[in-house]
Amino acid sequence: MLAQKLIPTGTLGPANRGRLLQALYDIGASSRADLARITGVTRGTIGGIVQPLIDQGVLAEGDVIPPSEAGGKPGTKLWFSKEARPICAVLLLHDRVSACLVSLEGEVYGQYSAEFPNNLTQPSDAFRIISTCVEEANASGKSILGIGVAVAGMINTETGTIVAVSLAPFLDGFPLETELSRKFGVPVCVDQDARALLVGDRWFGQGRGRRNFASVYIGETLGGAIYIDGHLYRGPAGAGGEIGHTTVDMKGRMCRCGRRGCWETIASSKWLAKEAKARRLPQPHFLDVSRLVTLANHDVPGARELLRDYAFNISVGLANLQQFMAPNFIVIHGDIVRGGNPMLDLIRESFRDLIFHRPDDEIALDFGGSDCLAALRGAASLLLSELLNFVI
Ligand SMILES: [Zn+2]
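Residues numbered from 1 in each chain as written. Predicted model: local features only at pLDDT ≥ 70, side-chain atom pairs only at ≥ 80, totals over all residues. Heavy atoms only, no water.

Student: Any details on the packing of aromatic side chains? Residues and values, ideally.
Tutor: Scanning all chains against the criterion turns up nine aromatic pairs. Ring centres of Tyr25 and Phe204 lie 5.5 Å apart, and the angle between their planes is 85°; on these two criteria the pair is classed as edge-to-face. With Tyr25 in helix H1 (residues 12-27) and Phe204 in helix H6 (residues 193-204), this pair connects stretches of sequence that are 179 residues apart. For Tyr25, a relative accessible area of 1% gives the class buried. On the basis of relative accessibility, which here comes to 16%, the residue Phe204 falls in the buried class. Here Phe116 and Phe170 contribute two aromatic rings whose centre-to-centre distance is 5.6 Å and whose plane-to-plane angle is 90°, an arrangement assigned as edge-to-face. Placement of the pair is Phe116 in the loop between strand S5 (108-115) and helix H4 (123-137) and Phe170 in the loop between strand S8 (161-164) and helix H5 (176-184), with a sequence separation of 54 residues. Ring-pair connections join several aromatic residues into one group, and the members of that group are Tyr25, Trp79, Phe80, Trp203 and Phe204. Above the plane of the ring of Phe184 lies Lys183, whose end atom (NZ or CZ) is 5.8 Å from the centre. We note Arg210 situated over the ring of Phe329; from NZ or CZ to the ring centre the distance is 3.7 Å. (Phe/Tyr/Trp six-rings, centres within 6.5 Å; stacked < 30°, edge-to-face > 60°. Helix = DSSP H or I, 4+ residues; strand = E, 2+ residues; numbered from the N terminus. Buried < 20%, exposed > 50% of the residue type's maximum accessible area, 1.4 Å probe, protein only. Lys NZ or Arg CZ within 6 Å of the ring centre and 35° of its normal.)

Structural data, given as structure tokens:
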């Protein structure tokens, strides 16, 4: 039988600090009195937690609020300091790497990207390019809190090692967390890109203040992560989240993972381009979902049917996720977002037909961001969660 470990008293302080900062992210700039009311402790306890954070330059006093609103005493609203050290965020894909700085308010700046050359075979060469990106993103040489890395691949989150990145075998087994930490001398956190997106949504996006939701990325590839009852779900050593490789068609097309009929084979931009060609739509190689919506609006033959089929294929996997785990709210990121409301409405329509509804259920889908900013913000959020000792 597994016994649950008790919480050592030494970690209660950091845990409370993490909870307080999370409350601040969820409700915005707040007075000490508001924070005391929301977190169920006294104003004195709040004062004891926030004062060191003000002294360290993490939080700053903002607008003055009158005594009537501040619980009988004059007060100020607390928020993250503009002077606080930023986090360096890195997004590592099979063919390129992007980095930027992210402020504690989620503001992204200093973005820098580099591509891996086609003939790359050595992990040390890849690491040199990744390190250059970090240095260029922080060209002014600011002191940073740490580095958060989102990787489009499988990660061992216990060791911060890359297990595998499809199409980039030179990264397999690379101890990225250890190497970055050794080179830059700061804490580093590495995880899968879909989980980074989810944590970014939790801190800075549509997942703010929610206890249950999922984030799904739909572009050239497909991935997802789930937040259940206030916790990010990670399988052992960071396994799982391979929703793009769940089988939806047993006699379907071969997937890049070597299996047949994965959801990704019918719900990615690659499927869209192939289908556009097979269905003889104009300029299929340049077809993305945004252009497909335009073609459908102009009644180009076949466009409306392809748009509906794509929306249906996407809704199949989203519905499987909802039926099994009931996140009840799914944020969709990636190229698909460029289809705007016409695409979102079609996905919602098919999705509704495929799921069970219980009385009083509120089940919703929404689009997040189409670019890599959400993933970069997510990478920063991974590190932020670890630094603030906030259990995700
Ligand atoms: Zn697959």
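Anyway, onward from the coordinates.
Student: Could you give an account of the sheet that holds strand S12 (residues 231-232), naming the residues involved and the relevant values?
Tutor: Within a sheet, neighbouring strands are paired by backbone hydrogen bonds and run either parallel or antiparallel to one another. Strand order across the open sheet formed by five strands is S12-S11-S10-S13-S14, with mixed pairing between neighbours. Edge positions in the open sheet fall to S12 and strand S14 (364-367), since each of these has one partner strand only. In this sheet, S12 lies alongside strand S11 (residues 222-228) in antiparallel orientation, the contact comprising two bridges. Bridge pairing links Ile228 to His231 in S12. Against the sheet, helix H9 (residues 303-325) contacts strand S10 (213-218), S11, strand S13 (329-333) and S14, and its axis sits at roughly 150° relative to S10. Strands in contact with helix H10 (residues 340-354) are S13 and S14; relative to S14, the strand with the most contacts, it is inclined by about 155°. (Pairing = 2+ DSSP bridges. Contact = heavy atoms within 4.5 Å. Axes fitted to C-alpha atoms, helices over the stretch in contact; angles between N-to-C directions.)

Student: For the layout of surface pockets, give the residues involved together with the corresponding values.
Tutor: Here the largest pocket is characterised by a volume of approximately 1100 Å³. Lining the largest pocket are 41 residues, with Ala152, Asp193, Thr221, Leu222 and Arg256 positioned closest to its centre. Taken together, the elements giving at least two residues each to the lining of the largest pocket come down to strand S4 (96-102), H6, S11, helix H7 (269-278) and helix H11 (373-387). In terms of residue class, the lining of the largest pocket is made up of 15 nonpolar, 14 polar and 12 charged. Shared between two domains, the lining of the largest pocket takes at least three residues from each, and those domains are domain 2 (87-199 + 375-387) and domain 3 (208-367). (1 Å grid on protein atoms, 1.4 Å probe; cavity = no way out; pocket = protein on both sides within 12 Å on 5 of 7 lines; lining within 4 Å. Points joined across faces, edges and corners; volume = space filled by probe spheres on them. Nonpolar A, V, L, I, M, F, W, Y, C, P; charged D, E, K, R; others polar. Domains from an automatic or database assignment.)

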